[in-house]
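# Survey of secondary and tertiary structure
These are the residues of each chain, in order.
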Amino acid sequence: MSLKNYLLTFIISTGLIACNSNDEDVANKTEEGIPTYVSFSIHLPGGINPVAGSKALPEDYNPDGTYEGNDGVQTLDIYMRSGDGTIEAKRFSGTGISSTGTVVSPSEPFRTTSGVKTVYIVLNSPQPLGTTITQDNTLVSTDGLAEIVTENGVDYDVITMTGKATSVTIEPDIPSQSVVAGGSNHVSIQVTRMASRIIVTSSASNQILDDNNNLLGTVSNITYSVAQGTKEIYFLPQTDYVSYGYDYVPELGEYVGQAKSVL
């Protein structure tokens, strides 16, 4: 083979490889806007062996004992933002929500469109379903983020929880019956509590004794109050789980004017 023919063959081969590469890129790119079905598994903060993100920084809590309460989920809001900025919002409640252990989901897959999307989850939102997505560092009022609801004699902690997943690929043309856990268009997202339930315990005896071990009385009806809490909290956990106003140190003369808006 002459040098000229060798160069021609090399150029043609290279061109074929480039074309094949482009074809693969097109094939791998998810078609956007095609009708399809999707469902979600929302992982709640766990108990003794919680999934990642359910507690704060390592050992930044009292490990003596485990949460034995009951989480209640009244509403499940799903916000999906497409690459062009279009936002789709859905709220599920009542029989529209199913649960298995610490995982909740819409009871049935629902119709949407394909594409790469950012997904936000809000459980037990005290606000109506919105038409926009709250930014990660937006401050929201702590009012209504946690309450106890009693049903059939059982107390449930109804606490607002949030989570986010980026670059979620929603495949086109997936029928409802094909959306199963571990398969196409079934998305798992972890949520964290925006507010927490705190339990105060004591291992000390409630009896008051004198030096001769005679009973003088007993202690009962112990109450406590929480100080220096914030009136607002970030919509999603921030880096290192910092909270609003964590670095605020009042200066002389400014406390009345500024601190009351932070604390």
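Residues numbered from 1 in each chain as written. Predicted model: local features only at pLDDT ≥ 70, side-chain atom pairs only at ≥ 80, totals over all residues. Heavy atoms only, no water.

## Some points on the pairing of strand β9 (residues 146-151)
- With six bridges joining them, β9 and strand β10 (residues 154-159) adopt antiparallel strand pairing. Pairing of Glu151 across the sheet is with Val154, part of β10.
- With antiparallel pairing between neighbouring strands as the criterion, β9 and β10 make up a hairpin whose turn holds two residues, including Asn152 at a positive phi of roughly 55 degrees. (Pairing = 2+ DSSP bridges. Helix = DSSP H or I, 4+ residues; strand = E, 2+ residues; numbered from the N terminus.)

## Notes on the nonpolar core
- The biggest cluster of nonpolar side chains holds 21 residues, and the ones touching the most others in it are Phe40, Ile42, Ile78, Ile121 and Leu123.
- Going through the elements one at a time, β1 (35-43), β2 (75-81), β7 (115-123), β11 (161-170) and β12 (186-190) are the ones with two or more residues in this core.
- When residues in this core are grouped by element, the largest group, four residues, is from β11.
- Within the second largest apolar cluster, six residues are counted, among which are Tyr120, Val122, Ile133 and Leu236. (Core = buried A, V, L, I, M, F, W, Y, C linked by side-chain atoms within 4.5 Å. Buried < 20%, exposed > 50% of the residue type's maximum accessible area, 1.4 Å probe, protein only.)

## Digging into the side chain of Thr75
- With respect to the helices and strands, the residue Thr75 is situated in strand β2.
- Look at Thr75 and you get buried, because its relative accessible area is 14%.
- Those residues in contact with Thr75, other than ones at most four positions away along the chain, are Arg91, Phe92, Ser93, Ile97, Val122, Leu123, Asn124 and Ser125. (Contact = heavy atoms within 4.5 Å.)

## Side note on the environment of Gln177
- Structurally, Gln177 is set in the loop between β11 and β12.
- Residue Gln177 is classed as exposed on the basis of its relative accessible area, which comes to 64%.
- As a C-alpha pair, Gln177 and Tyr37 span 140 residues in sequence and 8.9 Å in three-dimensional space.

## Examining unusual backbone geometry
- Of note, the phi angle at Asn152 is positive, near 55 degrees, even though the residue is not glycine.
- Structurally, Asn152 can be placed in the loop between β9 and β10.
- At Asn213, a position not held by glycine, the phi torsion is positive, near 70 degrees.

## Examining the confidence of the model for the chain
- Here the chain averages 79 in pLDDT, and 71% of its residues register 70 or above.
- Every residue in residues 21-28 is under pLDDT 50, and counting partners more than four places away or in other chains gives zero contacts.
- The low-confidence segment residues 47-56 (pLDDT under 50) makes 13 contacts with residues lying over four places distant or belonging to another chain. (pLDDT = per-residue confidence, 0-100.)

## A closer look at the pattern of salt bridges
- Applying the stated criterion across every chain, the model contains four salt bridges.
- Two residues, Arg193 and Asp71, come together in a salt bridge whose shortest N-O distance is 2.7 Å. Here Asp71 lies in the loop between β1 and β2 and Arg193 lies in strand β13 (residues 192-193), a separation of 122 residues in the sequence.
- Overall, the relative accessible area of 23% leaves Asp71 in the partly exposed class.
- Its salt-bridge partner being Lys164, residue Asp136 comes within 2.8 Å of it at the nearest N-O pair. In this pair, Asp136 is assigned in the loop between β7 and β8 (139-141) and Lys164 in strand β11, connecting sequence segments 28 residues apart.
- For Asp136, a relative accessible area of 24% translates into the label partly exposed. (Salt bridge = Lys/Arg side-chain N within 4 Å of Asp/Glu carboxyl O.)

## Describing the side chain of Ser105
- Its place among the elements puts Ser105 in strand β5 (residues 103-106).
- With residues up to four places along the chain from it excluded, the contact list for Ser105 reads Phe40, Ser41, Ile42, Leu76, Gly96, Ile97 and Ser98.

## Overview of the sheet that holds β13
- If you walk across this open sheet you meet the five strands as β3-β2-β7-β11-β13, and the pairing is antiparallel. The strands lining the two open edges of the sheet, one partner per strand, are β3 (87-93) and β13.
- Relative to β3, β2 runs antiparallel, the two being bridged by seven bridges. The residue of β3 that forms the bridge with Asp77 is Arg91.

## Observations concerning a nonpolar patch on the surface
- Together, Ile208, Leu216, Val219 and Ile222 make up a nonpolar patch on the protein surface, roughly 400 Å² of accessible area in all.
- For Ile222, the position within the fold is in the loop between β15 (215-218) and β16 (232-234). (Patch = residues over 30% accessible without salt bridge, like charges linked within 9 Å, V, L, I, M, F, W, Y side chains within 5 Å. Areas by Shrake-Rupley, 256 points an atom, 1.4 Å probe, with all protein chains shown as cover.)

## Here we look at the packing of aromatic side chains
- Summed over the entire model, instances satisfying the criterion amount to four aromatic pairs.
- Between Tyr234 and Tyr244, the aromatic rings sit 6.5 Å apart at their centres with planes inclined by 75 degrees, giving edge-to-face as the arrangement. Note that Tyr234 is positioned in strand β16 and Tyr244 in the loop between β16 and α2 (255-262), a separation of 10 residues in sequence.
- Clustering of aromatic rings is evident, with ring pairs tying together Phe40, Phe92 and Phe110. (Phe/Tyr/Trp six-rings, centres within 6.5 Å; stacked < 30°, edge-to-face > 60°.)

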